[in-house]
Amino acid sequence: MKYVKTQEAAGHVLCHDLTMIIPGKFKGPAFRKGHVIKPEDIPVLLSMGKENLYVWEKQPGMLHEDEAAAILAKLCLGQETEIAGEPKEGKIEIKASTDGLLKIDDDALKMINSIGEMMIATRHGNFPVKKGDIVAATRVIPLVIEEEKMKKAEELCGERRIATILPFHHMNAGIIVTGSEVAGGRIQDSFSPVVEEKLKEYDITVAEKLIVGDDMKAIARAVTSLIEGGADVILCTGGMSVDPDDRTPGAIKSLGADIVTYGAPVLPGAMFLLAYYENEGRKIPVMGLPGCVMYAKRTIFDLILPRVIAEDVIDDISYYGQGGLCLNCSQCVFPLCGFGK
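Cut-offs and rules
- Residues numbered from 1 in each chain as written.
- Predicted model: local features only at pLDDT ≥ 70, side-chain atom pairs only at ≥ 80, totals over all residues.
- Heavy atoms only, no water.
- Phe/Tyr/Trp six-rings, centres within 6.5 Å; stacked < 30°, edge-to-face > 60°.
- Lys NZ or Arg CZ within 6 Å of the ring centre and 35° of its normal.
- Axes fitted to C-alpha atoms, helices over the stretch in contact; angles between N-to-C directions.
- Helix = DSSP H or I, 4+ residues; strand = E, 2+ residues; numbered from the N terminus.
- Parallel < 35°, antiparallel > 145°, perpendicular 65-115°, else oblique.
- Contact = heavy atoms within 4.5 Å.
- Nonpolar A, V, L, I, M, F, W, Y, C, P; charged D, E, K, R; others polar.
- Salt bridge = Lys/Arg side-chain N within 4 Å of Asp/Glu carboxyl O.
- Buried < 20%, exposed > 50% of the residue type's maximum accessible area, 1.4 Å probe, protein only.
- Pairing = 2+ DSSP bridges.
- 1 Å grid on protein atoms, 1.4 Å probe; cavity = no way out; pocket = protein on both sides within 12 Å on 5 of 7 lines; lining within 4 Å.
- Points joined across faces, edges and corners; volume = space filled by probe spheres on them.
- Patch = residues over 30% accessible without salt bridge, like charges linked within 9 Å, V, L, I, M, F, W, Y side chains within 5 Å.
- Areas by Shrake-Rupley, 256 points an atom, 1.4 Å probe, with all protein chains shown as cover.

1. Here's the deal with the packing of aromatic side chains
The full count for this structure, using the stated rule, is five aromatic pairs. An aromatic cluster is defined as three or more aromatic residues linked by ring pairs; in this entry it consists of Phe127, Phe334 and Phe339. In this structure, lysine 341 packs its charged tip against the face of phenylalanine 127, placed 5.2 Å from the ring centre.

Now the structure itself:
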């Protein structure tokens, strides 16, 4: 820190806040600590009675907080993300440049936050975001920081980027309604309308809906028919428990689909099935939806669906166990809660 004449202070960095008082109108900081003084600031400073200022004396090997924050921001910027505004007091925010699924590189994030004197905070990954949403923010803790520390952060990250958006894809969905009671007309189908409403949240078109009974071969034929008809995702409603009449899992397995999971560490949604069926080079997601999707406000389906339409590769859902318990709040605020996080 050094003491300089205000008229010679352009380009220097303030070491403390400077308060301006206009009687009856304003009292507050006119210039914040860390502000880089511009030529146009000097008349204002002089009008405040500041003939001299304490400024940061730049030393070799040291970076101003805003310079360092820009390095952290670069480490965040993955696909479809961008900087939101100018750096301020060592802080820079990162926003989504499209609607999509937010992916966070947890390991890279932990490495950066373990260095000290710098931080990056993000939203939870694997959740949908809208264009313009803030997804991450950086902050350098001191006013100045060793350049060597910032080089270490860059070396640890390498080519990895902490925040990435996978854009959503428009998809055609095929729905298979199982159950002999529905196929026989004894009860009305109340499951698929719920599923269709959820699909509308992501602009997914229902290309075809087939109602079949509990016959395993009939369910398998329906899956094949929808895939051959061009469906991008198959949703089977019901028939997912261990009752003898529940044949959906067996039907999907019989087609040779790659079963990612039958059962999920999530409540509601433990009897969920996710598989991929390969057809002409395409991997078609096939989901078996348990009955809870029909009546529970939010379930495993709400966690997996945005990942599927972002074409995110899902090969393990075991980590959903922590945060997989929905508390069934009287007023649901999902996703602004801990479910699935």
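Additional details are given in the paragraphs that follow.
2. Focus: the packing of helix α2 (residues 65-76) against helix α4 (residues 147-157)
Contact geometry for α2 and α4: axes closest at 10 Å, N-to-C directions at 5 degrees. With respect to α4, the axis of α2 lies roughly parallel. The segment α2 lies against α4, with Ala68, Ile71, Leu72 and Leu75 engaging Met150, Ala153, Glu154 and Cys157. Classifying every residue of the contact of α2 with α4 by side-chain character gives seven nonpolar, no polar and one charged.

3. Focus on the pattern of salt bridges
If the charged atoms of two oppositely charged side chains come close together, the side chains can form a pair. Going through the model one piece at a time under the given rule, you end up with twelve salt bridges. Of the charged contacts, one joins aspartate 133 and arginine 123 as a salt bridge, the two residues approaching to 3.8 Å between their closest N and O atoms. In this pair, aspartate 133 sits in the loop between β11 (127-129) and β12 (134-140) while arginine 123 sits in the loop between β10 (118-122) and β11, placing the two residues ten residues apart along the sequence. Residue aspartate 133 is classed as partly exposed on the basis of its relative accessible area of 22%. Given a relative accessible area of 39%, arginine 123 falls into the partly exposed group. Salt bridges here are not isolated pairs; linked through shared partners, they connect Lys198, Glu201, Arg298 and Asp302.

4. Points about the pairing of strand β9 (residues 100-104)
Across the five residues of β9, four count as buried, placing the element largely inside the fold. Pairing analysis gives three bridges linking β9 to β11, with the strands arranged antiparallel. What sits directly across from leucine 101, in β11, is proline 128. By the bridge criterion, five bridges tie β9 to strand β14 (residues 163-167) in an arrangement that is antiparallel. Its bridge partner lying in β14, lysine 103 is registered against threonine 164.

5. Thoughts on the layout of surface pockets
Put simply, the largest pocket is a space of about 540 Å³. Looking at the lining of the largest pocket, the elements that each hand over two or more residues are β9 and α3 (106-113). Classifying every residue of the lining of the largest pocket gives six nonpolar, seven polar and five charged.

6. A look at a nonpolar patch on the surface
A contiguous nonpolar surface patch, about 390 Å² in accessible area, is contributed by Met1, Tyr3 and Tyr54. Looking at the secondary structure, you find tyrosine 54 in strand β5 (residues 52-56).

These figures come from the coordinates and say nothing about function on their own.
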